[in-house]
Amino acid sequence: MVVVISAPRRRRSPPWFGTETRRALVAGAAVAGLALVAGWPYWRGHPVAAAITLVSCAAIAVVGVLLATGPRTRRTGLLFAAASVCWAVNWAASWDATFGPIMSPYAQADFYLALAVGVLLYPGGRLEYLGDRIWTAMACLVLWGCPTAMWVTSEPEWAAFRGESVWWPALYPDLGTFEAVLKVSAALYVFLAFSFAFVLLLRLPRMGRMRRLLALPVTIAIGFVGISAALTQKPTMEASIPLDDLLHVYVVQGAIVVLVPLTLLASGLRVRIAELAVAGRMLRLTAPVSVERVRDALREVLHDPTLELWFWAPTERTYVDTAGRPVDLEPGDGGADGPAAEDPADDGGRWRHRVRGAAGEPLAVVELGGALRDHGSLVEAALVAGGRALETARLQAGVQAGLERVRAAYRRLVRAEAAERERLARDLHDGAQQRLLALGAMLATLEAVTGDPAVKEHARTCRAELKQALAELRTLAREVQPALLVQDGLGPALEVVAERLGTRVALEVTSRRFSREVESTLYTALCETLSYAVDRARATRVFVRVGEEDGRVVAEVGLDGARSGDPAAALAGPSGRIRALRGEMAIGGGPSAGMTVRMDLPCE
């Protein structure tokens, strides 16, 4: 499904009186007319019964045609429309002539069968569970087999039909057998009704929340109707019942059955009210508009906590998540040019579709639970109601994508810097340091073999200067990339730094190792923070704690010195490095009561 955000069009007729409504009313009138003709001999003496039955037939037909207009409820609608026709044909028994009496039991059986299977198909459009399919097969055998057994073993007058022209091919008429068939049929009808109620109850826990809200009232109504029909059918399971008594039972059943279309109309009205209420809820939940608010509002309105939302970033030519990070959607998953993906319609599947703006440009891709396929109109109403918020959030997501692109570039620089520091430290150790050591050895040899005092003195002086240069070179190598950091991690590397500070430093560092980028960035940031604490804040006591919290590495530096200048400006370098790895750095404390620097970044 592709939702296009656009302005509402002006209508010349009320929104509730469209083509579908007119078609449904025509169908209802046609079925009511058929019922009027089929039961005319009975209606002449029973006008109240006629009114009840005609309204029942028309209501079922109207609801059936309306349901048939929806892609997910089409089968249910067609079965309901067929059920209304069967109930109208059922009244042909009142003529007590020709084919009417033998058609009536089958029409009644098909009526209940179509109605029950239609409810089992609602609202998903298919028999999803094994119990549904087993009950449907069993119902076909019982509802078609019992009428057949009755007319095969009876005379027409035993079954309430005494007309002279009744066509009733009694193949094996036997009153005793017929009475046994009636008793077995009555028991089977009751069993079928209660098993149907049981199957309906088994379906409810397997449904999603919104689907259950729709199916529960219909389940209660059809369960009550089925059990009532089975119990009211029992008096008709007697030999030689008068025709008027039989038709009176049909009237009672028709009056009860009308609960089903009324319940379906109530469920549909509830969905429509929910769709109308979506606009106000979306406006309320998305104010002020932000990317996260729009996503959370859709989750709340559609009762789907797993809903995901990705926005189209025109500059990047890709979709991004709420944090501005690019998302690699497969072709057909709602991309800019491909159609939206159609996942399986089961409750455990996922459903993706794309949203376009008023001009047809890509706006967003929404991923929902598969159960919401049955509520496509509600999803569309929520997206249309939140159209302006989605467009605003798309702009924010585009800005976030740009910032994310800058962060990614900065992150690459940090990683390149870490790699370069490691290379430079290795070159200093393996190159310049080894050459200076070799030069020192040569000077020592010269000092040992020469006999000239002046040369010995110069060699001794050169060796002293060389040792000082070598010490400075080793210090530089340690500052560039300490070997302990690479080999043993943050703890040992920070211990060496703390020993050189000349200030009491309490260390509490986790032994867990992190990625090279994280350790190098955190080490550099901590060193600069410690340097600020000693050189500018004049701290006499410092504590450093490094640990892991909720999948992030957290480092805290506390000191007792007073702030010197603007700490944020002084520590802008380490703060930028931390943010480059999607971390945060916060500075707390008063101007003269010590200071705390907290850093946290992902454990990449």
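Refer to the structure presented above.
Residues numbered from 1 in each chain as written. Predicted model: local features only at pLDDT ≥ 70, side-chain atom pairs only at ≥ 80, totals over all residues. Heavy atoms only, no water.

(A) The nonpolar core, seen in detail. Phe80, Trp91, Phe111, Leu115, Trp135, Leu143 and Trp168 are the most contacted members of the largest nonpolar core, which totals 60 residues. For this core, the secondary structure elements donating two or more residues are helix H1 (19-38), helix H2 (40-43), helix H3 (47-68), helix H4 (74-90), helix H5 (100-121), helix H6 (130-152), helix H7 (175-203) and helix H9 (243-257). A total of 12 residues in this core trace back to one element, the largest contributor, which is H5. Counting residues in hydrophobic clusters, the runner-up holds 31 residues, among them Leu485, Val497, Ala525 and Ile578. (Core = buried A, V, L, I, M, F, W, Y, C linked by side-chain atoms within 4.5 Å. Buried < 20%, exposed > 50% of the residue type's maximum accessible area, 1.4 Å probe, protein only. Helix = DSSP H or I, 4+ residues; strand = E, 2+ residues; numbered from the N terminus.)

(B) Geometry of the packing of H5 against H7. Viewed as axis vectors pointing N to C, H5 and H7 meet at an angle of 10°, and their least axial separation amounts to 11 Å. Considered as vectors, H5 and H7 are oriented roughly parallel to each other. In this structure, H5 contributes Ala116, Val119 and Leu120 to the contact, and H7 contributes Phe196, Val199, Leu200 and Arg203. Classifying every residue of the contact of H5 with H7 gives six nonpolar, no polar and one charged. (Axes fitted to C-alpha atoms, helices over the stretch in contact; angles between N-to-C directions. Parallel < 35°, antiparallel > 145°, perpendicular 65-115°, else oblique. Contact = heavy atoms within 4.5 Å. Nonpolar A, V, L, I, M, F, W, Y, C, P; charged D, E, K, R; others polar.)

(C) Seen up close, the packing of H1 against H3. Two numbers describe how H1 lies on H3: the axes approach to 8 Å, and their chain directions differ by 145°. Viewed along their axes, H1 and H3 form a crossing whose handedness is right-handed. Taken together, the residues of H3 that come into contact with H1 (itself represented by Glu20, Thr21, Arg23, Ala24, Leu25, Ala27, Gly28, Val31, Ala32, Ala35 and Leu36) are Leu54, Cys57, Ala58, Ala61, Val62, Val65 and Leu66. Looking at the contact of H1 with H3 residue by residue, the classes come out as 14 nonpolar, two polar and two charged. (Left-handed = near helix turned anticlockwise from the far one by under 90°.)

(D) Spotlight on H4. Over its 17 residues, H4 extends 24 Å from the first C-alpha to the last, a length consistent with the 24 Å expected when each residue adds 1.5 Å. Every buried residue belonging to H4 is among Thr76, Gly77, Phe80, Ala83, Ser84, Cys86, Trp87, Ala88 and Asn90, and all of these are buried. (Expected span 1.5 Å × (residues − 1).)

(E) Quick look at the packing of aromatic side chains. The tally for this structure, following the rule as stated, stands at 10 aromatic pairs. Judged by centre distance (4.5 Å) and plane angle (45°), the ring pair of Trp43 and Trp91 falls under tilted. In this pair, Trp43 is assigned in helix H2 and Trp91 in the loop between H4 and H5, connecting sequence segments 48 residues apart. Relative accessible area serves as the criterion here: at 4%, Trp43 is assigned to the buried category. (Phe/Tyr/Trp six-rings, centres within 6.5 Å; stacked < 30°, edge-to-face > 60°.)

(F) Spatial organisation of the side chain of Thr503. Along the polypeptide, Thr503 turns up in the loop between helix H16 (490-501) and strand S7 (504-509). With relative accessibility at 15%, the residue Thr503 sits in the buried group.

(G) Up close: the pairing of strand S11 (residues 595-602). Extensive coverage of S11 is indicated by the burial of six of its eight residues. Relative to S11, strand S10 (residues 584-588) runs antiparallel, the two sharing five bridges. Directly across from Gly588, in S11, lies its bridge partner Thr596. (Pairing = 2+ DSSP bridges.)

(H) Representation of the sheet that holds S7 within the structure. With respect to topology, five strands assemble into an open sheet ordered S7-S8-S9-S11-S10, the strand pairing being mixed. Where the open sheet ends on each side, the last strands, each with one partner, are S7 and S10. The mean inter-strand angle of the sheet, taken between neighbouring strand axes irrespective of direction, is 10°. Bridge analysis of strand S9 (residues 552-559) against S11 gives eight bridges, and the strand direction is antiparallel. Following the sheet pairing, Ala555 is matched in S11 by Met599. Running at roughly 175° to S11, helix H17 (residues 516-535) makes contact with strand S8 (541-549), S9, S10 and S11 of the sheet. Against the sheet, helix H19 (residues 572-580) touches S10 and S11, its axis set at about 140° to S10.

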